[in-house]
Every structure is written in C-alpha cells, then in structure tokens.
Protein chains: 2
Amino acid sequence: MGESDDIIEHHVEEEMEKKGARSRGAPSSLLESPSPSDWEAPSSTQSSHRLLAFSDALISIIATVMILPVAHTKVEDNETSLLLLLQELRQSVQLLLTTKIAVYLMTFLIVTLAWAAHIRLFQVIVRIDDCLALLNLACMMLITFLPYTFSLMATFPENILGILLFCGCVMVIGLIQSVIVLYAFSRPFLLNEQIQISENQTFYKHHILKVIMRVPIMCFFASIFSFIFFQLSYVLLAIVIFLPYISQCLRWCRSKAIGQVEETPDSMLFYTYLPNEPLSKERVEAFSDGVYAIVATLLILDICEDNVPDLTVVQKQYGGSLIAALQDYGPEYLAYFGSFVTVGLLWFVHHSLFLHVTKATRFMGLLNTFSLAFVGGLPLAYQLTHEFPDNSRNELEAIQISCVIVFFAGIFQLAIWVVALYNEQETLHPYVWYDGREHVFMLAKLALYPCVALGTFFLTCILSKFSAPIFHLMEITVPFAFLLLRVLVRIGLALLRMIFCPNQHNLRRVVEEEADETRMPFNAVVT
Amino acid sequence: MGESDDIIEHHVEEEMEKKGARSRGAPSSLLESPSPSDWEAPSSTQSSHRLLAFSDALISIIATVMILPVAHTKVEDNETSLLLLLQELRQSVQLLLTTKIAVYLMTFLIVTLAWAAHIRLFQVIVRIDDCLALLNLACMMLITFLPYTFSLMATFPENILGILLFCGCVMVIGLIQSVIVLYAFSRPFLLNEQIQISENQTFYKHHILKVIMRVPIMCFFASIFSFIFFQLSYVLLAIVIFLPYISQCLRWCRSKAIGQVEETPDSMLFYTYLPNEPLSKERVEAFSDGVYAIVATLLILDICEDNVPDLTVVQKQYGGSLIAALQDYGPEYLAYFGSFVTVGLLWFVHHSLFLHVTKATRFMGLLNTFSLAFVGGLPLAYQLTHEFPDNSRNELEAIQISCVIVFFAGIFQLAIWVVALYNEQETLHPYVWYDGREHVFMLAKLALYPCVALGTFFLTCILSKFSAPIFHLMEITVPFAFLLLRVLVRIGLALLRMIFCPNQHNLRRVVEEEADETRMPFNAVVT
C-alpha cells in the first residue's frame with residue numbers, strides 16, 4: 001500500500017502546488033529580474049513521474065529488443081538447415097541455446113540491474129528539475145549502449161577492448177548517478193520527504209554514494225586487471241552482478257554467527273538489499289508493460305518487413321494472383337495471431353496479479369524479471385514455429401521450445417503470487433488472501449498457462465507428429481478458457497460445497513446478504 | 001487541469017475502495033457461493049489506468065516501427081547506389097519520398113486515428129473488468145494488424161484483396177468497440193461519473209454507437225464498391241479519414257449560414273469533434289513517451305544487429321585487430337549518439353511543454369501527432385547520414401533531409417505552444433502565460449531546435465562540402481545550449497531591462513521579495 005499511497009500523495013502535492021501558484025494571483029512581469037534563488041522556486045522543479053515513465057519505456061525496450069539478433073540469426077541458420085534438408089536443428093539449437101540465448105539472458109539481467117539501480121535512485125529523489133532531467137537522459141543514453149558493449153564482449157571474449165568498453169560505460173553511468181545524487185542533496189527540496197525532514201542527511205548522502213560507487217569501482221579494477229590477466233576481470237564482473245546477493249548472504253551469515261547486527265534503522269529505508277525492500281509498484285508495472293508491448297509488436301514488425309510480397313514476384317511466381325501469394329504466408333499469420341494472443345494473455349494475467357498486489361518487494365521484482373526474460377523469448381518461439389515444413393522433427397522441437405518458454409514465463413508469475421502469499425497481510429489485497437473470495441479464481445488464472453504449456457509439451461512427446469497450426473489454434477482458444485474460468489471455478493466450488501456442506505440453502509442466503517453489503521460501499525463511492 | 005484532477009480523483013477513489021474493502025473486516029470464506037451479482041462487486045471491476053498505459057505503449061510502438069521498412073529499404077538502395085558510384089541518390093530519394101514515406105505517414109495517421117478513437121471510448125468508460133480487458137486486447141490485436149493490411153493495400157493498389165482486408169480489419173475493430181460500449185452501458189458502474197448520474201443514458205449510448213459505427217459502415221460500403229469500381233473505395237476511405245474534419249467544416253458552415261445551432265449541451269462532453277474537445281493529457285504524454293522511446297532504441301537496435309563484427313571477418317580483413325574493425329564503424333557510433341541526443345532533447349522539450357499544459361485539446365493532439373510523425377522519421381535520417389562516403393553530394397542531401405525532419409518535429413511542438421497560448425487561461429500554467437516568468441525561457445527552449453535545424457540547412461546550402469561527423473558533433477553540443485539557455489535568457493532580459501528601465505535597483509529588490517514570497521508556499525507544502 002505504501003508505494004501506491006506515496007504516488008497519490010505525490011500527485012496531490014503537485015496539484016496543490018499548481019493551484020497554490022494559480023491562486024497566488026497575477027504572474028510576475030516579463031522584464032523583472034529573476035534572482036538566482038529562482039532555481040529553488042517551484043516553477044523549475046517538476047514531478048518526476050513522466051521522466052520515470054519514459055526511462056522505464058526506454059529500458060524495457062532495450063532489454064527486450066536484444067532478442068532480435070538471436071531470432072534473426074536463427075533465420076539464417078534455418079535457411080542453411082533447410083538447404084541441408086532438415087534434421088540439423090538439434091545441433092544448431094543446442095549451439096544457439098548455449099551461446100546466443102545465454103548472451104540475451106545476460107543482457108536482459110544486466111539491463112534490469114541498471115533499471116533496479118535507477119528505481120532506487122529515484123525513490124530517494126522524488127522531484128526533478130531541468131538539470132536532473134538532462135543528466136538522466138545522458139544516463140539513459142549510456143544504458144542503451146550497454147547491450148552493444150556486452151555483445152561485443154561476448155563475441156570477442158579474449159579481446160580486452162570489449163571489457164574496457166563495457167567497464168567504461170558502467171563507470172560513466174556510475175559517475176553520472178553520483179553527480180545526480182550530489183546535485184539533489186545540494187537542493188534538498190528535490191529529495192524524498194523522509195530524507196528531507198531527517199537530520200542526518202549527510203549520513204544518507206554518504207551511504208547512497210557508497211552503494212552507487214561500489215559498482216564503478218569494481219569495474220575500474222576489472223578494466224585494470226584486463227591488461228594483466230583478463231580472466232580475473234570476468235570474475236570481478238560476475239561478482240558485480242551478484243554483489244547484492246553475496247552481500248545479502250554475508251550479512252545473513254554474520255547475523256547468524258554474531259547475532260542480530262542492526263544498522264541505524266533510518267538507513268534501512270533506502271539502498272538496503274533485503275529481499276523485502278519495497279520496490280515502486282508503479283514502475284514495475286510500467287517496465288512490464290513496456291516489455292509486453294514491444295514483444296507483441298516485434299511479431300508484427302517481422303510480418304510487415306518480410307511478408308508484403310513484391311509486385312514482380314507476385315506476377316512471376318503466382319501469375320499475378322495476390323491470394324495465392326498470401327496463402328503461402330498463411331502459417332505466419334496464424335503464428336502471429338497465436339503469439340499475440342499468448343503475449344496479450346500473459347500481460348492480462350500479470351495485470352490481474354498486480355491489481356491485487358498492494359506492495360511490491362525486491363524479491364517479487366526479481367521473479368518478475370525472470371518471467372519477463374522468458375516473455376522476451378517469445379519472438380524466438382514465433383520464428384521457430386513457422387519456419388519449418390509441416391510434420392518435420394524440427395517443427396516438433398520448435399513447438400517444445402515454445403512450450404518451455406511459455407511455461408517458464410507463466411511459472412514465474414505464479415512464483416510472484418506464492419511469494420506474495422507468504423506475506424499476504426502486507427503485500428496482497430484482502431480479496432485474494434488465502435481464504436478470500438477471489439483467491440481460487442486468481443490461482444486458476446495464474447495456473448492456466450503453465451498447465452496448458454506443460455500439457456502441450458507432453459502431448460508433443462506422445463504424438464510424434466504435431467502440426468504447428470494446431471498449436472497456434474490452441475493458443476488462440478486459450479482466451480475463451482479465461483472467459484470460462486470464472487464459471488468453471490464457480491462450478492468447482494459448488495461441487496466442493498455440495499460435498500462438504502450439504503446445508504447449502506442457509507449458506508447461500510448468508511452469502512447473498514453479504515454480497516448486498518459489499519455492494520453498498522461501492523455505490524457509496526460512485527454516487 | 002480537468003484531466004489531471006480526474007486522474008487523481010480516480011486514484012484516490014481506487015485507494016478509498018481498497019481501504020474500504022480492507023476495513024470491512026475478515027474476507028469471506030472460500031467455500032461460500034459467490035452470487036451472480038458478484039460481477040458487480042468492486043473486486044471484479046478495476047481501474048482502467050494500466051490497461052490504457054499498455055494500449056498507449058502498443059499503439060505508439062506500432063505507429064513508429066513502420067519507419068523500419070522505409071529505413072531498411074533505403075539501405076539496399078544505398079548499396080546499389082554505392083555500386084553505381086554516387087549521384088543516383090537524388091532520384092532514389094525522390095522515389096522514396098513519393099511512395100515509401102507517404103505510406104509511412106499515412107500508416108502513422110491511421111494508427112493515431114485508431115488511438116484517438118480509443119481515447120474517446122475510454123474517456124466514457126473509466127472502469128474495466130476482465131471481460132472488457134479481454135475485448136480491448138482483441139481490439140489491440142487488430143489495430144496492430146492494421147499497418148500490415150494498409151501496406152498490402154499500398155503495394156497492390158489495384159488488387160481488391162488489400163482493400164477488403166483493410167476494411168475487414170476496420171469493421172471488426174468497430175464491432176468490438178460497439179460490443180465494449182454495449183457491455184459497459186449494461187453495467188453502468190463502469191461508466192464515467194457524468195454519464196452515470198445523467199438521466200439520458202440511452203441518448204448517450206445511441207450517440208456514441210452512432211459515432212463509432214460510422215467508420216465501419218463507410219468501410220463496409222468501400223469494400224462493396226471495391227468489387228464494382230475500386231477507385232471509389234479509395235475515395236470513401238479518404239472520406240473516412242477526414243470525416244471529423246469534414247463534419248466539423250460542415251457544422252461550421254451551417255452555423256454561419258443558419259445561425260448558432262446548439263445540440264443538447266450534454267452531448268457536447270463526449271464524442272464531439274470540436275477542436276477544443278479535451279483530450280486526456282496523460283494519454284497524450286504516454287503515447288508520446290512510447291514514440292520517443294522506440295525511436296531512441298531503434299537506433300541502437302540497428303547498431304547491435306549490424307555492427308558487431310564477425311570473428312572470422314576480423315581475423316581475415318583486419319588481421320585480428322578489433323580496434324581497426326571498430327574504427328570502420330566510427331561514424332555509426334557518432335551518428336547513434338547524435339541521434340539519441342536529438343531524440344532525447346526533443347523529448348525533453350516535449351516534457352517541458354506538457355509540464356506547463358494543464359489541459360490538452362484535440363487540436364493540440366493533432367499537432368502533437370504531426371510532430372511525432374517527424375520524430376518517427378529520425379531513424380531514416382540516421383540511416384542516411386552514416387551510409388555515404390565523406391564529402392559526397394549524397395551526404396549533403398542526407399544532412400539536409402535530417403535537418404528538414406528535425407525542423408518539422410520542432411516546429412510542430414512550437415505550434416502546440418502557440419495554440420495553447422491562444423487560450424492560455426484554460427490550457428496553460430500561469431507561469432508561462434504571455435507575461436509569466438517562464439514564458440521567454442519556454443519559448444527559447446521550443447525555438448532552439450527549429451533554429452538550429454534551419455541554420456544547419458542554410459549552412460549546407462552555402463558550404464558545398466559539409467561532413468556528417470561535424471553535423472553529429474553539432475547535435476551532441478545542443479544539450480549544452482539547453483544548459484546555457486537559462487543563463488542566456490537571463491542575460492538577454494537583463495540587457496532589455498537596462499535599455500528600457502534604467503532604475504533597476506528598486507526593481508531587483510521587489511523581485512527578490514517576490515521570490516521569497518513564492519518560495520514560501522513550496523516550503524509550506526514540504527514541511
């Protein structure tokens with residue numbers, strides 16, 4: 001609830017300010033000299049809301065489009081494998097899985113780490129001005145460049161240039177973020193209210209700077225070691241990525257060994273690496289929306305680029321018949337609609353889940369990242385499932401890969417739900433608590449995709465010939481399952497009730513009364 | 001102000017509901033039978049906020065990525081023109097300008113029209129449930145398919161299949177939207193508060209359905225005429241696109257001829273096509289953010305796909321030296337950073353502008369669409385400016401095209417500002433009113449890019465040899481101009497003051513007092 005409340009307060013505060021400014025009367029004249037303290041006037045400070053939304057959009061897109069090199073490389077592989085007449089997929093897929101996909105997943109992880117750092121920073125700094133906006137844009141530019149330097153590093157692992165570029169990028173990002181922190185602390189009205197009214201601002205400043213500078217300093221050492229013994233650099237970089245988890249483990253071990261070592265309770269609010277550190281729910285949603293939206297559109301982009309037949313080709317190959325030419329693309333349309341439906345419904349499940357989440361924690365954010373990484377893999381699944389001739393062994397494996405991707409995307413969503421249930425009093429809406437009225441329905445929604453994916457996977461193991469169009473048709477029919485779900489859940493509950501509580505009539509009356517009661521507050525709000 | 005207030009109320013309302021639900025005590029038991037009226041309980045209705053954000057992201061991405069076929073086709077053209085040894089660009093560019101870019105702009109326009117219809121619909125329906133969310137996803141799927149059918153229609157203008165597909169898509173979208181309207185009016189608690197408390201709900205329903213169904217019906221006739229005389233279909237489709245403007249003109253003419261013909265004032269709130277009809281400012285911002293974000297990332301995507309050298313290529317061509325290989329890509333990095341800075345700063349100007357806008361109108365939305373269409377052209381500019389050998393005639397023309405794109409993107413932003421100023425009492429924050437303290441600074445911000453673009457354009461006309469790296473360096477130095485701008489504006493004002501009001505000392509004192517005064521309310525809010 002905390003995050004969401006904060007945002008509202010924030011909005012309201014902004015509005016109050018605007019109104020205050022308006023009611024203050026006539027604007028001052030053009031030719032008056034603005035004093036230097038003008039910087040501190042509310043007119044030059046702004047709500048950070050839109051800046052953050054834009055940053056979320058940028059980072060989510062850059063994290064996801066890195067699947068395209070994987071998907072497009074695959075197409076070339078396919079062509080050669082088609083020339084060599086099928087069967088070669090197993091090896092090429094294994095090669096693909098070990099290198100390209102690993103690079104994609106690592107890129108996704110690195111970009112989301114940068115995003116998490118960005119969230120932390122702007123949970124401390126809640127208002128911006130022009131200067132901070134420009135600094136943030138510079139930071140964004142380098143973050144979008146990060147995947148390129150990483151793929152350079154992955155392609156030439158033994159060349160130190162890749163390491164140097166990557167470390168350089170990270171160091172500059174760290175420096176810019178430090179400048180942002182220093183700038184914000186020199187203008188305290190930009191800061192979070194809790195820090196603003198706190199007495200030990202300098203303590204906060206040093207703590208935050210220490211946490212921010214940790215990564216660039218590690219990268220600095222990594223770049224120096226790359227001249228001497230470059231394998232060590234990779235070890236250092238791996239430590240950088242898993243640093244929060246390592247420090248978390250160390251702290252946990254220390255607390256077990258020595259006893260509870262409490263830092264000052266103040267510092268626990270920001271830049272802790274505890275798994276239940278709150279994460280801005282709004283930003284998690286915005287980031288997820290970005291990923292789902294770009295994945296859904298990457299599919300149609302491929303269609304628009306590849307599947308508009310050329311005028312001359314149609315005349316030569318199909319005798320001028322456009323319908324004949326488009327019939328060749330039939331499977332691709334089906335694949336497109338199927339994949340869009342899958343992405344759309346995974347978004348829908350995510351949307352339903354976060355509707356009931358009142359507070360997002362860091363651990364839930366991590367699980368969400370994993371889920372999104374698999375969602376980002378869907379364009380690859382799309383490429384695979386329509387590229388192969390019907391009834392080939394390759395098609396079967398392509399469908400299996402799709403199932404695995406969908407399964408993991410769904411299972412991590414389910415994991416978020418399970419984690420949220422562990423602490424349901426704090427993180428979930430009462431409707432979906434363990435015995436809440438929406439609990440079963442939510443569970444059914446979340447379980448639908450993993451179950452369907454698992455079912456399809458085993459079906460492909462049994463049926464040796466499973467054609468992709470049937471798979472895509474199945475994908476398209478899932479939404480009707482969602483519409484039926486509420487009815488099905490209700491029937492299931494009715495059956496359970498019939499078995500366990502035979503005196504249902506009295507119960508029903510009680511429930512109806514209660515339903516009337518619950519409808520009341522809503523109407524009260526509306527009218 | 002209205003929109004923004006609405007959103008806050010909306011958030012607060014949602015929160016109140018949640019709290020209400022929580023305070024209502026223990027959740028109901030799992031095994032109770034949910035009555036059919038459960039559909040009406042608040043737990044199944046949701047704030048539409050995130051659904052709209054997701055839709056905005058989808059539509060903005062799909063509108064913008066359509067530049068990629070243009071930009072990528074261009075690359076092939078370039079290669080042939082490089083083979084033919086320069087000079088051929090003029091013709092190929094003219095061909096490009098007349099066909100591909102026209103298709104891109106039309107696609108952008110059509111998609112934004114669909115988006116505008118979506119905004120209108122969800123200004124009436126402010127709450128959603130699962131069923132509406134799924135219907136909306138279906139609608140989104142067809143909207144993302146729209147550009148493909150349009151490009152099919154544009155590639156085969158004489159084949160009726162393209163027309164039929166396009167019209168079919170539009171008709172299905174219209175049908176789904178009608179179903180959404182009917183569904184929402186059958187559950188009035190989903191509707192806008194104004195309609196909910198209004199007595200003539202049926203009048204609203206019929207009015208909205210009439211407006212929504214107008215377009216599909218026209219498309220239905222267009223698809224029928226395509227069998228008889230397909231040119232007529234295009235006329236009909238053109239009418240569909242410009243229908244609001246035509247009906248607006250007709251109404252204006254009628255009002256001039258007969259006198260003021262007022263409809264019932266109630267109906268004026270929604271689905272009017274007046275230029276000052278309010279448009280959700282939040283959604284305009286979200287859509288713009290999406291376009292800017294995707295444009296900024298398309299650039300790095302191209303770099304990631306094309307500019308990671310192959311291991312074998314580096315060994316063969318560059319003797320294993322990665323630095324030498326990357327030096328060949330030097331201009332592309334410069335082009336990337338230059339373009340990112342341009343996109344980032346155009347976003348920054350847009351952000352500053354909409355920070356001061358309190359109410360967005362339909363006409364401002366239209367100008368914003370034009371500005372965004374040119375922003376979407378920036379990846380093309382990027383492709384052009386780094387593809388040509390130095391000091392060629394083609395390079396010069398590429399830079400000129402870039403300047404034209406940046407100029408129009410900036411000038412339409414300026415136009416939004418001018419339109420807002422016309423009605424500044426309603427649409428602008430007092431700080432930027434004609435004699436407000438931020439007025440000159442805002443104007444300077446908005447004028448910077450058009451001026452720089454125009455200056456560069458004329459510079460290229462004078463200097464026959466103008467190299468792209470200098471152009472990109474210029475792009476990168478513009479942000480410093482933004483930082484300097486406040487200082488420059490202040491110096492300019494000081495000079496003006498020295499000329500017009502020599503008794504500056506008194507004035508300065510007054511201003512300082514006033515500045516103190518303005519700082520007060522802000523501090524009051526903070527503490």
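Since we're looking at a predicted model, the values are computed, not measured.

Considering the pattern of salt bridges
All names here are of chain B.
Line of reasoning, step 1. By the definition in use, this model includes eight salt bridges over all chains.
Line of reasoning, step 2. Between Asp56 and Arg283 there is a salt bridge whose closest N-O contact spans 2.7 Å. Within this pair, whereas Asp56 is found in helix 2 (residues 49–65), its partner Arg283 is found in helix 11 (residues 281–306), the two being separated by 227 residues in sequence. This pair shows no difference in class: Asp56 is buried, exactly as Arg283 is.

Some remarks on the nonpolar core
Line of reasoning, step 1. Ranked by internal contacts, the top residues of the largest apolar core, which has 286 residues, are A:Ile125, A:Phe482, B:Ile125 and B:Phe482.
Line of reasoning, step 2. Contact partners of A:Ile125, with chain neighbours within four places excluded, come to A:Leu132, A:Ile180, A:Ala184, A:Leu190 and A:Leu191.

Details of the packing of helix 7 (residues 160–186) of chain A against helix 9 (residues 201–228) of chain A
Packed helix pairs are specified by the crossing angle of their axes together with the interaxial distance, meaning the distance between the axes.
Residue and element names in this part refer to chain A.
Line of reasoning, step 1. Packing of helix 7 against helix 9 brings their axes to within 9 Å, and their N-to-C directions diverge by 165°. The orientation of helix 7 with respect to helix 9, classified from their angle, is roughly antiparallel. Once helix 7 is placed against helix 9, the crossing between them reads as left-handed.
Line of reasoning, step 2. Counted by class, the contact of helix 7 with helix 9 contains 21 nonpolar, six polar and one charged residues.

A short note on a negative patch on the surface
Line of reasoning, step 1. A cluster of acidic side chains, namely A:Glu305, A:Asp306, B:Glu305 and B:Asp306, defines a negative patch on the protein surface.
Line of reasoning, step 2. Looking at the negative patch, the elements that each hand over two or more residues are helix 11 (281–306) of chain A together with helix 11 of chain B.
Line of reasoning, step 3. Relative to the assigned elements, B:Asp306 resides in helix 11.

Focus: the packing of aromatic side chains
Line of reasoning, step 1. Per the counting criterion, the structure on display carries 34 aromatic pairs over all chains.
Line of reasoning, step 2. Within the aromatic cluster, the residues linked to one another by ring pairs are A:Phe145, A:Tyr148, B:Tyr336, B:Phe337 and B:Phe340.

What to know about the environment of B:Phe471
All names here are of chain B.
Line of reasoning, step 1. Relative to the elements of secondary structure, Phe471 occurs in helix 20 (residues 468–500).
Line of reasoning, step 2. Residue classification places Phe471 among the buried residues on the basis of a relative accessible area of 6%.
Line of reasoning, step 3. Distance from Phe471 to Val215, taken between C-alpha atoms, is 45 Å for residues 256 residues apart in sequence.

The rules we used
Residues numbered from 1 in each chain as written. Chains lettered and ligands numbered in written order. Predicted model: local features only at pLDDT ≥ 70, side-chain atom pairs only at ≥ 80, totals over all residues. Heavy atoms only, no water. Salt bridge = Lys/Arg side-chain N within 4 Å of Asp/Glu carboxyl O. Helix = DSSP H or I, 4+ residues; strand = E, 2+ residues; numbered from the N terminus. Buried < 20%, exposed > 50% of the residue type's maximum accessible area, 1.4 Å probe, protein only. Core = buried A, V, L, I, M, F, W, Y, C linked by side-chain atoms within 4.5 Å. Contact = heavy atoms within 4.5 Å. Axes fitted to C-alpha atoms, helices over the stretch in contact; angles between N-to-C directions. Parallel < 35°, antiparallel > 145°, perpendicular 65-115°, else oblique. Left-handed = near helix turned anticlockwise from the far one by under 90°. Nonpolar A, V, L, I, M, F, W, Y, C, P; charged D, E, K, R; others polar. Patch = residues over 30% accessible without salt bridge, like charges linked within 9 Å, V, L, I, M, F, W, Y side chains within 5 Å. Areas by Shrake-Rupley, 256 points an atom, 1.4 Å probe, with all protein chains shown as cover. Lys, Arg positive; Asp, Glu negative; His and termini not counted. Charge placed at Lys NZ, Arg CZ, Asp CG, Glu CD. Phe/Tyr/Trp six-rings, centres within 6.5 Å; stacked < 30°, edge-to-face > 60°.

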